[in-house]
Amino acid sequence: MQDVNPAATVSAGPGSGRPQTAAPGELLRRLRARHHGTDPVTHVERVPARPGEPAPWPEWTPEQLRAALAGRGVVAPWRHQAEAAELAYAGQHVVVATGTASGKSLAYQLPALATLLADPRATVLYLAPTKALAADQLRAVAGLDLDGVRPATYDGDTPRAEREWIRRHARFVLTNPDMLHHGILPGHAQWSGFLRRLAYVVIDECHTYRGVFGSHVAHVLRRLRRQCARYGRTPVFVLASATSGDPATAAGRLTGLPVVAVTEDTSPRGGVTFALWEPPLLPASAAPAPDADLLQVRRSALRETADLLADTVAEGVRTLAFVRSRRGAEVVAANARRALDEAVPGLGNRVAAYRAGYLREERRELERALLHGELLGLASTNALELGVDLVGLDAVLICGWPGTRASLWQQAGRAGRSGDEALAVLVARDDPLDTYLVHHPEALFGRPVEATVLDPANPYVLAPQLACAASEAPLTPTDLELFGDGAKEAVDSLVAAGALRQRPTGWYWRHRERPEVDLRGSDGAPVCVVEASTGRLLGTVDGGSSHVLVHPGAVYLHQGVSYVVDSLDLADGCALVHAEEPDWSTHARDVTSLSVVSVRSYVDAGPVGLFLGEVDVTNQVVSYQRRRIASGEVIDTRPLDLPARELRTVAVWFTVSPGSLAAAGVEAADIPGALHAAEHAAIGLLPLMATCDRWDIGGLSTAAHPDTEAPTVFVYDGHPGGAGFAERAYGTAAAWLRATKDAIAECGCEAGCPSCVQSPKCGNGNNPLSKADAVRVLDVVLAHLPAPTDGPADDSTGGSADNPTASVPRQAAP
């Protein structure tokens, strides 16, 4: 925080009431003024206010429900709410895809609650992707105090003593896909009374169900439909989504049903001042210099966001800062608290962190404190991105591109939810995509949001889900139609593996225990983080991240307190830690190898080849670096003994002939660095085309891969069987790689930096890298690929193949 005036700060006590805050434009001016030298703001977009368009209550709305809603300040629905409610009440599956704070909740509450009031036996099942959102919706429904509705949450935090009552008596059950998968469907007999009376299934924030997680959830919903049909019910599905590309198709793929979309947002909206903020370059002497070639880097987005959070809180501005990682949220909150306490002792107590992995009591207390104004600033992961009603926020800080335009607007929409003017700031990380976006605002504003990518036919998702379905009740040929393309092949594979037994009446699960299937593809059960000296459970990390986050020697942050990991027991899922405040941070390093299994499709473009296919990836975390927090100096690199992980997935890759590279001026000795730099930037820019982020995907580059016999760059999905991202990259390859080239070429550094070709997840320490040659490589590729397209890949210029590695098409002669 820079030049805080203690006299201008708000009271440190929670009882001081809501302070008067500056208008968004004036607040932004003050924030910019505290930066001496270069203005960090690259663009300011003004999103104008919009009036609302009310509609009459549907005729079937009970008077009791109208009165209850009026008591909460809802005197009439907006037109899109009424339209969606009418469709659902008439029995049509519907998705309402409108902006943040547009009142999507009322669109499903109207038909659901009206039905519960009219039919005392009817039930409703509500699914939310996060516990926080389900808890928020419980407060909203319970607050209406409607006779006989009996809402209740049923999730992992629900005490066992309450679960039996909920199964027998609750009529509006709020849960999440994980609990539906692990608890309700396997125990469907105990839920038979609820399921045979089920009228509506509400799927909130359905745009979050993408990739592998979305594909799993799609089959969980098909399993739900199957069990409802067995009990004689066909519930209506009502989905709520942020604005997204083609929501009807996405909702149809998710549910397997025909869905009508309501997309015109008729709610009123306060104006938003949206700033793109690029942290300044550090002076060469102040920049961390673990590598001799690194000339300059930008100030950390985490530190910049922490300073902005401290500045806005000091101005009395109620602010939510979104941070990509759990650790980042902790760092932002800790730095903001420290800066505020230096200005006004005690003011730092009004800032906290919020993330997954906290215990239930901690999460609920933080939500309560923010809602009641006891907290003025909160640094959160995307756990608070979704529809939790945080009324009264004045500003949102977004630390780094959140992965999709849908998430960007969802997060920005957290501010000004009561219709007031609001400020949103996107703080760019030192990353190719972030740098590209803050200098190309046209890629953010006025562009349609992305279509949700999911692939229910993924065999690595479909087969385990069919096993789960068979364990709930024997599968029949009719069931296979419900589960869609590839279901018969998946069942045959389960029979061959001994998991299912085929009988005249269907396919039966052969084992006593249920299949172990993780919807989120997190690669194993969560690992508990336990303080060794006290046995206190601090939190959890998912199994897939444990090798990186809680390896022996790792620094682990919890509520601003640092711990160092003593040991990691993968078999027992436990990491023991002790409290310590080291002056260094830890960074895991890994090695990766890849082999091509098959080619699905390819484009033969002369000296350039573009391919889509299956690959086997082997990855192992082999060491970690300790770096000084103040300077970034590498203290040492320490070895680790962790098991390798193997992954069969889908990749897109391109090959370039050595002759064409030589003609472009790329020397043979510089090819590895050129490809490596192009790979990093391509991974960084792919989220511009697909609903993923760089942590969903991986890459590998080599000057001569044994399976292609040519210089090759691979980009692969980081989930078994793929998540649809590589297919999207293949279909938009020319546009994707052109944006990649532009991001590298337009970066102001000389030899490459984190804003263009350096990667935070590189297992080779970002060495070798050649920025200039990466541009030359991409120029060659773009000169030969077909023109850009945003549609599916067209194989007319190439072909497709299901052959094994031995018949992978080789690189054409130069």
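Everything quoted here is computed from the prediction, not taken from an experiment. Here the residue numbers are simple positions, counted from 1 along each chain's written sequence. Thresholds applied to this predicted model are a pLDDT of at least 70 for local features of residues and 80 or more for the giving and counting of side-chain atom pairs; totals over whole chains, interfaces and linings are not thresholded and use all residues. No hydrogens and no water enter the side-chain calculation; it runs on all heavy atoms of the structure.

It is worth spelling out the overall build of the protein at this point. A tally of helices and strands in the protein yields 24 helices and 28 strands. A 1.4 Å probe rolled over the protein chains alone gives each residue an accessible area, and that area as a share of the maximum for its type sets the label: buried under 20%, exposed over 50%, partly exposed in between. Put simply, the protein has 814 residues, and 57% of those count as buried. Note on definitions: a residue-residue contact is assigned when non-hydrogen atoms from the two residues lie within 4.5 Å. Sequence-distant contacts in the protein: of pairs separated by 6 or more residues, those separated by 24 or more amount to 74%. Residue exposure ignores everything except the shown protein chains as possible cover, and the areas themselves are Shrake-Rupley values with a 1.4 Å probe. Carbon and sulfur atoms form 51% of the exposed surface of the protein, whose accessible area is close to 31,100 Å². Strands here are runs of E lasting at least two residues and helices are runs of H or I lasting at least four, both read from the DSSP assignment and numbered beginning at the N terminus.

As a general point, the strands of a sheet are linked pairwise by backbone hydrogen bonds and lie either parallel or antiparallel. Only strands joined by at least two bridges in the DSSP assignment are considered to pair. The strand order across the open sheet built from five strands is S18-S17-S21-S20-S19, with neighbouring strands paired in mixed fashion. Since the sheet does not close on itself, it has two edges, and those belong to strand S18 (537–541) and strand S19 (555–558), each with one partner. Sheet twist, expressed as the average angle between the axes of neighbouring strands with direction ignored, equals 35°. Pairing of strand S20 (residues 561–569) with strand S21 (residues 574–579), which is carried by six bridges, proceeds in the antiparallel orientation. What sits directly across from valine 565, in S21, is valine 577. Lines fitted to the C-alpha atoms define the axes, with helices restricted to the stretch that makes contact. Angles between their N-to-C directions range from 0 to 180 degrees. Across the sheet, helix H12 (residues 326–343) lies against S18 and S19, angled at about 65° from S19, the strand it touches most.

Moving on: the nonpolar core. We define the nonpolar core as a collection of buried residues of types Ala, Val, Leu, Ile, Met, Phe, Trp, Tyr and Cys that are connected through side-chain atoms lying within 4.5 Å of one another. If you look at the biggest cluster of nonpolar residues, it comprises 86 residues, and the most contacted ones within it are Phe274, Phe654, Leu688, Trp736 and Leu737. Sort the elements by how many residues they give to this core and helix H21 (residues 671–685) lands first, with nine residues. Discounting chain neighbours no more than four positions away, the residues touching leucine 737 are Phe654, Ala682, Leu778, Val781, Leu782 and Leu785. Within the second largest apolar cluster, 37 residues are counted, among which are Ala68, Phe172, Leu174 and Ala199.

On to the sheet that holds strand S6 (residues 198–203), then. Taken in spatial order, the seven strands of this open sheet run S4-S5-S3-S6-S7-S2-S8, and their pairing is parallel. Looking at the sheet topology across the chains shown, the edges are occupied by strand S4 (151–153) and strand S8 (260–262). On average, each strand axis in the sheet is tilted by 20° relative to the strand beside it, whichever way the strands run. Packing against the sheet, helix H5 (residues 131–143) makes contact with strand S3 (123–127), S4 and strand S5 (172–175), and its axis sits at approximately 165° to S4.

Working definition: a ring pair exists when centres of Phe, Tyr or Trp rings (six-membered ring for Trp) sit within 6.5 Å. Plane angles under 30 degrees give stacked, over 60 give edge-to-face, the rest tilted. Considering all chains together, one arrives at eleven aromatic pairs under this definition. Aromatic pair tyrosine 209 and phenylalanine 213: ring centres 5.5 Å apart, planes at 65°, arrangement edge-to-face. Exposure remark for tyrosine 209: the relative accessible area of 1% places this residue in the buried category. Arranged with centres 5.3 Å apart and planes meeting at 70°, the rings of phenylalanine 274 and tryptophan 409 form a pair that is edge-to-face. One end of the pair, phenylalanine 274, is in strand S9 (residues 272–277); the other, tryptophan 409, is in helix H14 (residues 405–412), with 135 residues separating them in the sequence.

Two side chains carrying opposite charge are able to pair once their charged atoms lie near each other. Within this document, salt bridges are pairs made up of a side-chain nitrogen of Lys or Arg and a carboxyl oxygen of Asp or Glu, the two lying within 4 Å of each other. Per the counting criterion, the structure on display carries 30 salt bridges. A salt bridge links aspartate 136 to arginine 139; the shortest N-O distance between them is 3.3 Å. A residue pair is termed a helical-turn pair when its members lie 3 or 4 positions apart in one helix, as aspartate 136 and arginine 139 do in helix H5 at three residues. A salt bridge links arginine 368 to glutamate 365; the shortest N-O distance between them is 2.7 Å. Taken together, the residues span about one helical turn, with arginine 368 and glutamate 365 both in helix H13 (residues 360–371) at a distance of three residues. A relative accessible area of 41% places glutamate 365 in the partly exposed class. Through salt bridges that share partners, Glu26, Arg29, Arg30, Arg34, Asp311 and Glu315 make up one connected network.

Attention shifts here to the pairing of S21. Pairing analysis gives four bridges linking strand S17 (residues 527–531) to S21, with the strands arranged parallel. Its bridge partner lying in S21, valine 529 is registered against alanine 575. In this structure, the hairpin formed by S20 and S21 is closed by a connection of four residues, where glycine 573 is found at a positive phi of approximately 65°.

Everything listed here is a matter of geometry and, on its own, says nothing about what the molecule does.
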